[in-house]
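The lines below spell out each chain.
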Amino acid sequence: MNPFNDEYFMKQALVEARAAASEGEVPVGAVIVCNNQIIARAHNQTECLNDVTAHAEMLAITAAAGVLGAKYLTNCSLYVTVEPCIMCAGAIGWAQLSTIVYGASDDKRGFSKFAPQAFHPKAIIKKGILEKECAEEMQRFFKQRR
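Please read all numbers here as calculations on a predicted model, not as lab measurements.

Rules behind the numbers
Residues numbered from 1 in each chain as written. Predicted model: local features only at pLDDT ≥ 70, side-chain atom pairs only at ≥ 80, totals over all residues. Heavy atoms only, no water. Phe/Tyr/Trp six-rings, centres within 6.5 Å; stacked < 30°, edge-to-face > 60°. Helix = DSSP H or I, 4+ residues; strand = E, 2+ residues; numbered from the N terminus. Buried < 20%, exposed > 50% of the residue type's maximum accessible area, 1.4 Å probe, protein only. Pairing = 2+ DSSP bridges. Axes fitted to C-alpha atoms, helices over the stretch in contact; angles between N-to-C directions. Contact = heavy atoms within 4.5 Å. Salt bridge = Lys/Arg side-chain N within 4 Å of Asp/Glu carboxyl O.

### Re the packing of aromatic side chains
No. 1: Throughout the structure, instances matching the rule amount to five aromatic pairs.
No. 2: Geometrically, the ring pair formed by Phe9 and Tyr79 is tilted, given 5.3 Å between the ring centres and 40 degrees between the ring planes. With Phe9 in helix α1 (residues 6-22) and Tyr79 in strand β3 (residues 76-82), this residue pair connects regions lying 70 residues apart in the sequence. Per residue, the accessibility class of Phe9 equals that of Tyr79, and both read buried.
No. 3: Aromatic side chains Phe141 and Phe142 sit 5.1 Å apart centroid to centroid with 85 degrees between the ring planes, which places their arrangement in the edge-to-face category.
No. 4: Given a relative accessible area of 6%, Phe141 falls into the buried group.
No. 5: The partly exposed category is assigned to Phe142, whose relative accessible area is 31%.
No. 6: Taken together, the aromatic side chains of Tyr8, Phe9 and Tyr79 make up a single cluster linked through ring pairs.

Rendered as structure tokens:
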């Protein structure tokens, strides 16, 4: 059995989300996979970097492009714990990621509500992978903040 599947990689993204929460950031984590290997991992850092664009997906895309030495990530998959926002969806589309996998949906700010065509036309989208665990991370974080 191949241990490297969607759940395995989403669990790695959850590790990043928990790191974000421990730093007081909204708990979103992301990993980018190429040839069944994680080449980039990141979590939200908008507070510590004082940068509204420092979302997990954006940071992971930048890191993956650096590893590959290329701006297009056509043979890569993104795993992110929460549905990407429209800013991140635009960057994902421009980077031409081949597969986007996310855990929890974001009915308020997610791409599917505002920019459902943002990704590359050939991109494969998978949603709901470890959805419960991903949603619980967000709920726990915001419950503690209130």
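Here the narrative resumes.
### Some remarks on the sheet that holds strand β1 (residues 29-34)
No. 1: Judged by pairing direction, the sheet is mixed, and its five strands sit side by side in the order β2-β1-β3-β4-β5 without closing on themselves. The outermost strands of the open sheet, each flanked by one partner alone, are β2 (37-43) and β5 (124-127). Each strand of the sheet is rotated relative to its neighbour by a mean of 15 degrees, with strand direction disregarded.
No. 2: In this sheet, β3 lies alongside β1 in antiparallel orientation, the contact comprising five bridges. Note that in β3 the partner of Cys34 across the bridge is Cys76.
No. 3: The sheet strands contacting helix α2 (residues 56-68) are β1, β2 and β3, and the helix crosses β2 at an angle near 145 degrees.

### Focus on the pattern of salt bridges
No. 1: Evaluated as defined, the whole model comprises five salt bridges.
No. 2: The partner of Glu137 in a salt bridge is Arg18, and the shortest N-O contact between them spans 2.9 Å. One end of the pair, Glu137, is in helix α5 (residues 131-145); the other, Arg18, is in helix α1, with 119 residues separating them in the sequence.
No. 3: In this structure, Glu137 and Arg140 form a salt bridge, with 2.7 Å as the shortest nitrogen-oxygen distance. With Glu137 and Arg140 both in helix α5 and three residues apart, this pair spans about one turn of that helix.

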